[in-house]
Protein chains: 2
Amino acid sequence: MSETTEAPDVLAWTCPLPLRDQPRVVMGHGGGGALSAELVRDVFAPAYGGPALSAMGDSATVELGGARLAFSTDSFVVRPLFFPGGSIGHLAVNGTVNDLAMSGARPAFLSCGFILEEGVETEVVRRVAEALGEAARTAGVEVATGDTKVVEAGHGDGVFINTSGIGLVPPGVDLRPQRVVPGDVVIVSGPIGVHGVAVLSVREGLEFGVEIESDCAALAGLVETMLAVTEDLHVLRDPTRGGLAAALNEIAAASGTGVVVRERAVPVPAPVANACAVLGLDPMYVANEGKLVAFVPRPHADAVLAAMRAHPLGREAAVIGEAVADHPGMVVARTGLGGTRVVDLPLGEQLPRIC
Amino acid sequence: MSETTEAPDVLAWTCPLPLRDQPRVVMGHGGGGALSAELVRDVFAPAYGGPALSAMGDSATVELGGARLAFSTDSFVVRPLFFPGGSIGHLAVNGTVNDLAMSGARPAFLSCGFILEEGVETEVVRRVAEALGEAARTAGVEVATGDTKVVEAGHGDGVFINTSGIGLVPPGVDLRPQRVVPGDVVIVSGPIGVHGVAVLSVREGLEFGVEIESDCAALAGLVETMLAVTEDLHVLRDPTRGGLAAALNEIAAASGTGVVVRERAVPVPAPVANACAVLGLDPMYVANEGKLVAFVPRPHADAVLAAMRAHPLGREAAVIGEAVADHPGMVVARTGLGGTRVVDLPLGEQLPRIC
């Protein structure tokens, strides 16, 4: 089908501004939306892009010494360093573990690079390191190599962490958006928007009646459970920066299929919905760190959903939509009232420094 | 020999200050010397150290899917971003490529994580990315995966880069300080102190009569040449932060042998010596980024040296000393006048943010 082979240029219709001529970096360039994609497309890819980078997945799949490896990197600049349900240390492990898991890989080894700001309390660094260790043990990965740099006070912000990770992709597993076809069932592993609202609540000193805890978690075990049902999943993605909307748009653009989401089927916890209503945010665009979205061939969808619900991190998994041949490259939501709206790729991030 | 199996605690005699009780991070914690080692030993290793991390090499060697991989990470915070002979983009490739090469690995894939400061000129980012691409092509590695974060103006410093890398360690190659034995010949691949003085010259606006260009280069090809002579090299290290003094001290401490250096045999270019004299620096402690130090079994030393001199990056290679059974864990220099002095592990870094 021609709809599935021609990926439209998603930036052509989501970036009306002349961003290319913008002379300075803005916060949105780190937001995981259209501005980030443009920076990669116009600056990084021409300078050093190779075959693996241009696949633009959450992690690269490379061959080395006869092994098929997933390889991924993420820097973490979340503010504040500690928030309900987690910390930058937990994020630094789970973020990279999840990027590897989205390739179907079993995460094995992490690297850990700290950039510390002169004057940060050693005790803070210790608490971050301990959180990182706890998360690594929970996720079953080993921190194999590290590095520490220190920059002068006022030239950093307490603690930045980069983690990179490698994992083994099992034979037969081939997860990438190009495999998505109309008819695929879209499943989300649980309620969305929780991480972003949890971080925001402490950053802005907001209270929403109940404390909202980040969903920060390592998803490799859940992915293994899903792959045990069938190796033939089409694509997985963890909807972090830019939220579920960005993840679905990236898949739609790269696959050249359309995506329809039934708005009422998307699980949004009441406290998150309330907080978003107060703040004028759309939960579809709020970052998660312990959720995944899967495109599953229809014949396997029921079994995969059942397996997810039997796993502690997928108990509230739900079918939220499907891939369609219509409107290739575009994500459309069916509203509760029977209308439709376009869910577009965010330009930047509603909430900067969320991971 | 008992001297070679008991590694003394190098920190016991180089850190007279009660650093452990220091409540805040200081610049020296990122300097690659005793303070850095203490941070790893007292904070990071207890929190998340595993078998690979505790080997404390420039890179970890891990097994994955039947392949023997070197895995390494480095963050780059050099100031200024561009300096004679290189840039943060060149450093970001060569630094990680060299860490991999010091394991004897053939570097294959890099990740690249940018932390950009809001307001930095897009053109600067482009020039850095282009330098990075140029260096990657020269080194023969592919940038396979990347990430970009942006922090608010005043919370970063233009451009920070983390690169991590993976490479394949050939069968039979086993480079680590624990293999050093008394009698090993110490070879340096060329003149030292050049990178540090080159960066300092532009940072401080100093002029030393002649422009000193950084020696920034990828050493994987040179290492391959050396391993072609014999797989039985004992250890390689690139003397970056903390200079040759820190590299030799790390090897002495980890191997439990002593090291004797003939001061007059250490190649120091006249402009570097002059600049160091003016600034009160010791070239032995100044960072390099295109040099390596090798501990080679005596029977192979002449052939390895000849092979190095036949390689463009080893033309000025020189024998500078040897491993000895005396003073285990300690590095001693024989001065030109026939005296001796202890070359100790620096506490921090004479020149912060040199890489």
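Here the structure is a predicted model, which means the values were calculated and not measured. (Residues numbered from 1 in each chain as written. Chains lettered and ligands numbered in written order. Predicted model: local features only at pLDDT ≥ 70, side-chain atom pairs only at ≥ 80, totals over all residues. Heavy atoms only, no water.)

### Observations regarding the pattern of salt bridges
Thought 1: Across all of its chains, the model carries 36 salt bridges over all chains by this definition.
Thought 2: Among the ionic pairs, B:D74 bridges to A:K149, the shortest N-O distance being 3.0 Å. Pair noted here: B:D74 is in strand β2 (residues 67-76) and A:K149 is in strand β6 (residues 142-151), and the two residues belong to different chains. Here B:D74 and A:K149 have matching classes, each one buried. (Salt bridge = Lys/Arg side-chain N within 4 Å of Asp/Glu carboxyl O. Helix = DSSP H or I, 4+ residues; strand = E, 2+ residues; numbered from the N terminus. Buried < 20%, exposed > 50% of the residue type's maximum accessible area, 1.4 Å probe, protein only.)

### Observations concerning the packing of aromatic side chains
We describe a pair of aromatic rings using the distance from one ring centre to the other and the angle between the two ring planes.
Thought 1: All chains considered together, the criterion is met by five aromatic pairs over all chains.
Thought 2: Arranged with centres 5.8 Å apart and planes meeting at 25°, the rings of A:F44 and A:Y48 form a pair that is stacked. Taken together, the residues A:F44 and A:Y48, both in helix α3 (residues 34-48) and four residues apart, mark about one turn of the helix. As far as the burial class goes, A:F44 and A:Y48 line up, both buried.
Thought 3: Geometrically, the ring pair formed by A:F114 and B:F44 is stacked, given 4.5 Å between the ring centres and 15° between the ring planes. (Phe/Tyr/Trp six-rings, centres within 6.5 Å; stacked < 30°, edge-to-face > 60°.)

### Observations regarding the sheet that holds strand β1 (residues 60-64) of chain B
Thought 1: Spatially, β1-β2-β7-β5-β6 (chain B) is the arrangement adopted by the five strands of the open sheet, whose pairing is mixed. The two strands at the open ends of the sheet, each matched to only one other strand, are β1 and β6 (142-151) of chain B. Across this sheet, the average inter-strand angle for adjacent strands is 20°, counted without regard to direction.
Thought 2: Here strand β5 (residues 106-117) of chain B runs beside strand β7 (residues 159-168) of chain B; their pairing, made up of ten bridges, is antiparallel. Its bridge partner being in β7(B), B:R106 is matched across the sheet by B:L168.
Thought 3: α3(A) contacts β5 and β6 of chain B of the sheet and is inclined by roughly 145° relative to β5(B).
Thought 4: Sheet strands in contact with helix α6 (residues 122-139) of chain B are β5, β6 and β7 of chain B, and its direction is about 175° off that of β5(B). (Pairing = 2+ DSSP bridges. Axes fitted to C-alpha atoms, helices over the stretch in contact; angles between N-to-C directions. Contact = heavy atoms within 4.5 Å.)

### Details of the relation of the copies chain B and chain A
Thought 1: Once chain B has been moved 0.0 Å along the axis and rotated by 180°, it coincides with chain A to within an RMSD of 0.0 Å. Viewed as a symmetry operation, the transformation between the two copies matches a two-fold axis. The rotation axis passes nearest to the C-alpha of B:G156 in chain B, at a distance of 2.2 Å.
Thought 2: Here 100% of the contact residues of chain B are again contact residues in chain A; the copies associate through an equivalent surface. (Least-squares fit on C-alpha atoms with pLDDT ≥ 70 in both.)

### Quick notes on unusual backbone geometry
Residue and element names in this part refer to chain A.
Thought 1: Residue P80 follows R79 across a cis peptide bond; omega there is -5°.
Thought 2: Note on placement: P80 falls in the loop between β2 (67-76) and β3 (82-83).
Thought 3: Not every positive phi belongs to a glycine, and R353 is a case in point at roughly 55°.
Thought 4: Counting through the fold element by element, R353 comes out in the segment after β14 (340-342).

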